[in-house]
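Here's the letter readout for the chains.
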Amino acid sequence: MKQLHSPFVELIATVLRRGAASGELRRGVDPVQLYISIASLSYFYQSNSATLGVIFGRDLLAPAARAARLAHMTDLVLSALRPAAPGALDREVAKLIEFNQKVKT
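Within each chain, residue numbers correspond to sequence positions counted from 1 in written order. Totals for whole chains, interfaces and linings use every residue, but because this is a predicted model, local features are given only for residues with pLDDT of at least 70 and side-chain atom pairs only at 80 or more, for both listing and counting. Water and hydrogen atoms play no part in the side-chain values, which are based on all heavy atoms of the structure.

(A) Inspection of the confidence of the model for the protein chain at higher detail. Looking at the protein chain, the pLDDT average stands at 87 and 86% of residues meet or exceed 70. In predicted models, pLDDT denotes the confidence assigned by the predictor to each residue on a 0 to 100 scale. Numbering of helices and strands runs from the N terminus; a helix is a DSSP stretch of H or I covering at least four residues, while a strand is a stretch of E covering at least two. Here helix α5 (residues 91-104) stands out as the element of the protein chain with the lowest mean pLDDT, 74, in contrast to helix α3 (residues 49-56), whose mean of 96 is the highest.

(B) How the structure looks around the packing of aromatic side chains. Between 30 and 60 degrees the pair is tilted, below 30 it is stacked and above 60 it is edge-to-face, where a pair is any two Phe, Tyr or Trp rings, Trp via its six-membered ring, whose centres lie within 6.5 Å. All told, the structure shown has one aromatic pair when counted by the stated rule. Aromatic side chains F8 and Y35 sit 6.3 Å apart centroid to centroid with 10° between the ring planes, which places their arrangement in the stacked category. Taken together, the residues span a long stretch of sequence, with F8 in helix α1 (residues 2-22) and Y35 in helix α2 (residues 31-47) at a distance of 27 residues. Each residue is assigned to one of three classes by its accessible area relative to the maximum for its type, calculated with a 1.4 Å probe on protein chains only: buried under 20%, partly exposed between the two thresholds, exposed over 50%. Using a relative accessible area of 22% as the deciding quantity, one classes Y35 as partly exposed.

(C) Representation of the packing of α2 against helix α4 (residues 63-81). Fitting a line to C-alpha atoms yields each axis, with helices limited to the stretch in contact; the angle taken between N-to-C directions then spans 0 to 180 degrees. At a closest axis distance of 11 Å, the pairing of α2 and α4 adopts a crossing angle of 160°. One way to sum up the angle between α2 and α4 is to call them roughly antiparallel. Relative to α4, α2 is oriented so that their crossing is right-handed. Mapping the contact onto sequence places L34, I38, L41, S42, Y45 and Q46 in α2 and A65, R66, R69, M73, L76, V77 and L81 in α4. By the convention adopted, Pro, Cys, Tyr, Trp, Phe, Met, Ile, Leu, Val and Ala count as nonpolar, Lys, Arg, Asp and Glu as charged, and the other residues, Gly among them, as polar. Along the lines of polarity and charge, the residues of the contact of α2 with α4 split into nine nonpolar, two polar and two charged. Here the word oblique covers every angle except those under 35 degrees (roughly parallel), over 145 (roughly antiparallel) and from 65 to 115 (roughly perpendicular). The crossing is said to be left-handed when, going from far helix to near helix, the turn is anticlockwise and less than a right angle, and right-handed when the turn is clockwise. Every residue pair with non-hydrogen atoms within 4.5 Å of one another is taken to be in contact.

Given below as structure tokens:
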């Protein structure tokens, strides 16, 4: 099982390193955590589409709904990976992120 998922994690790690080096992505993102988050966003939607569809009165597996979900997930992930603009975050949150990055390096 580990060999099956390792190439995905390594690919994500490579993209994160390149993006951090170019300044397009923030530093310190754990590729395993990112992989789990992306998988979770996908799995939950798929596995609960029938129940959520009834609750919200939508066909979540319709092509338009799936396209909207993919666009939303992509926006969420990319927003989390972009470096924050200076002063954009509350100071305490910024301190936590800075501490977390120092711990990882």
